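What follows is the residue order along each chain.
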Amino acid sequence: MPLPPKVYTWLCGLFASLGSIIFGYDLGVIAGSVMGPRFSNDGLVGLIASIFARTSSFFGMFPVAWMADKWGRRRTIMFGAIVYILGGSLQTGARSMDMMLAGRFFAGFGSGIMSDMAPLYQAEIAHPSIRGRLTTLQQFMLGIGAFVASWVTYGTANSPSIQNSQSEWRIPLGIQIVPALPLLAFIMFFPESPRWLAEKGRMEEAQACLARLHAQGDVNDQFVLAQMEDIKNDILKAKDIGESSWSELFTVPSNFRRLSLGYILQFSVQMTGVSAIQYYSTTIFTTMGFSSQRVLLFQSINSVIALIGEACCVFWVDSTGRRRPLIIGNVASGLSFVVGSILMARYPGTVDKTWVFNFFFSACIGPLSWAYPVEIYSTRTRAKATAITSSSSWLSNFFIAEVTPKAFNRIGWKYYLVFAICGHTNALFIWAFYPETSGRRLEEMDALFEDAPLFVPRSSYVKVHNRHEAENQLRSGRSSLMIAVPILMIFFQAPSLPESSPRKLPIAASITNRRMRKIPCSYDIPNTS
């Protein structure tokens, strides 16, 4: 009996996010692996932790945009898995610190590719009404990785046969290779992104993939036909503008707006203090006077709490939308650091406020920091834009990883005040400037960010009242779409441009699109079954 389409699509997204387990595992395992005396130097600890972020930010994100557009989503994920396996092998077999750092370099490169591609692939295969459940799997699988890592490091640290030996850190580092193996072996058996196939002119393959994902293989299904018309219309508009370029992300106002929102969102996530806690939870608890075994136990409990929060997000995110959880989560995380700072100053043995922060971050902030950026761009610019926004996460991750061990040693609990302030400023910024995207088709994001006011509160873009509306329109064969804009229409409707200004075509098209959307338009998809 074939699986229901939404279940099958969700499972495809789940498998693609195996690469996220790797990132989560690294966050958990490095905290336990750097506890030994060989890693007692603060600068060395910061370098081991942060080089993972540095390589992903500067060597993983930008090539991934080219690879994703050239090779496709699946092959790029497969390449990331190969590079990560190389990095994990070098770390596990490291005979010197140079070999360890080289392993961190390649592991960061591969993990950066996979962590960027997984939510992008998930967004492009998802039904509009469950897109949040797919893209938030990134953080859920990250939580599973951290959960496994924390208990592995706890077990190896408390095993008499390997305690205080090289196996205590080699075994945890070696296990990180395991999730990459099935991803490498089986990713090519899953459907390619239909939007990437259509972008490359492979329309029949794109329709077949849509049918496989959304209609149990029926290429004449009404929902599939309507989506194909939606995608074709978006691609026709893009072809009229010309080949996509990095520059249009900065020169087209709506593109730059989306790029800025995505970049700020992913940078702000690290300023909640999550990496300081995840990378250096062992340091935090050690400063409270706990033994190393007790510290690893607390870290393991933390991973369980995170997993519960991430599961809540996966189940609720399409009902609650994107804005509300991000605002509530940032306020709660900021308050937890306010209370935590007070308690750390007066009662140094308090750990439960770290757990409160971890739940709210995992339920509200972490998953949506990946889900929101990948769904706000068009197919034309998605790979390039998400490469830039994801690099923001790794850049801030690197910054926090480098600064945190020194800050804890020098100012102790006062370092928490930075995150207490940032949590509240994050919430205020999201409330003011982020439109709601839940339930909308990917092909209507251009219109959303061209029409929505910069200051979102009190506008109709604060909330989507019916997340199933766009999907129901597609299923009925009717969809309110922007009229396809041929290149001649751009010159008739948009401000005149000299022939020597091809780079201004995306700007002209953006102006034209806004004018054309004022004309009521709908179409009927013929039923060919």
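Keep in mind that what you see is a predicted model, and the values were worked out from it rather than measured. (Residues numbered from 1 in each chain as written. Predicted model: local features only at pLDDT ≥ 70, side-chain atom pairs only at ≥ 80, totals over all residues. Heavy atoms only, no water.)

S.K.: Please explain the packing of aromatic side chains as it appears in this structure.
M.R.: Any aromatic ring pair is given by two values, namely how distant the centres are and how the planes are angled relative to each other. In the structure shown here, the tally under the stated rule is 17 aromatic pairs. Ring geometry for phenylalanine 79 versus phenylalanine 109: centroids 6.4 Å apart, planes at 75°, classification edge-to-face. Within this pair, whereas phenylalanine 79 is found in helix H4 (residues 73–92), its partner phenylalanine 109 is found in helix H5 (residues 97–125), the two being separated by 30 residues in sequence. Given a relative accessible area of 28%, phenylalanine 79 falls into the partly exposed group. What makes phenylalanine 109 buried here is its relative accessible area of 17%. Here the aromatic rings of tyrosine 372 and tyrosine 434 are separated by 5.5 Å at their centres, their planes lie at 55°, and the arrangement is tilted. Of this pair, tyrosine 372 sits in helix H18 (residues 352–375) while tyrosine 434 sits in the loop between helix H20 (416–433) and helix H21 (445–451), and the two are 62 residues apart along the sequence. Relative accessible area serves as the criterion here: at 1%, tyrosine 372 is assigned to the buried category. By the ring-pair criterion, three or more aromatic residues cluster together here, those being Phe337, Phe357, Phe361, Tyr415, Tyr416 and Phe419. (Phe/Tyr/Trp six-rings, centres within 6.5 Å; stacked < 30°, edge-to-face > 60°. Helix = DSSP H or I, 4+ residues; strand = E, 2+ residues; numbered from the N terminus. Buried < 20%, exposed > 50% of the residue type's maximum accessible area, 1.4 Å probe, protein only.)

S.K.: Could you clarify how one ought to interpret the confidence of the model for the protein chain in this entry?
M.R.: Note that predicted coordinates carrying low pLDDT should not be read in detail. The share of residues in the protein chain with pLDDT of 70 or more is 79%, and the mean pLDDT across the chain is 80. Contacts for the low-pLDDT stretch residues 480–500, under 50 throughout, to residues beyond four places or in other chains number 44 contacts. Low pLDDT, under 50, characterises residues 518–529; the predicted model gives this stretch 27 contacts beyond four residues in sequence or across chains. (pLDDT = per-residue confidence, 0-100. Contact = heavy atoms within 4.5 Å.)

S.K.: I'm lost on the nonpolar core in this one. Help?
M.R.: As a rule of thumb, nonpolar side chains are buried together in soluble globular proteins. Core analysis: the biggest nonpolar cluster contains 40 residues, and Met117, Phe140 and Leu183 have the highest contact counts within it. Of the residues forming this core, the biggest block, eight residues, is contributed by H5. Each residue touching phenylalanine 140, except ones within four places of it in the same chain, is listed here: Leu307, Glu310, Ala311 and Val314. Among the nonpolar cores identified, the runner-up in size contains 24 residues, and Leu261, Tyr377, Tyr434 and Met445 belong to it. (Core = buried A, V, L, I, M, F, W, Y, C linked by side-chain atoms within 4.5 Å.)

S.K.: Could you clarify how one ought to interpret the packing of helix H14 (residues 253–270) against helix H19 (residues 382–411) in this entry?
M.R.: Think of two packed helices as two axes; the pair is described by the angle between the axes and how far apart they sit. For the pair H14 and H19, interaxial distance at closest approach is 8 Å and the crossing angle is 25°. Considering their axes alone, H14 and H19 lie roughly parallel with respect to each other. Viewed along their axes, H14 and H19 form a crossing whose handedness is right-handed. Between H14 and H19, the residues in contact are Leu259, Gly262, Tyr263, Gln266, Phe267 and Gln270 and Ala385, Ile388, Thr389, Ser390, Ser391, Ser392, Ser393, Leu395, Ser396, Asn397 and Ile400, respectively. For the contact of H14 with H19, the class distribution of residues is seven nonpolar, 10 polar and no charged. (Axes fitted to C-alpha atoms, helices over the stretch in contact; angles between N-to-C directions. Parallel < 35°, antiparallel > 145°, perpendicular 65-115°, else oblique. Left-handed = near helix turned anticlockwise from the far one by under 90°. Nonpolar A, V, L, I, M, F, W, Y, C, P; charged D, E, K, R; others polar.)

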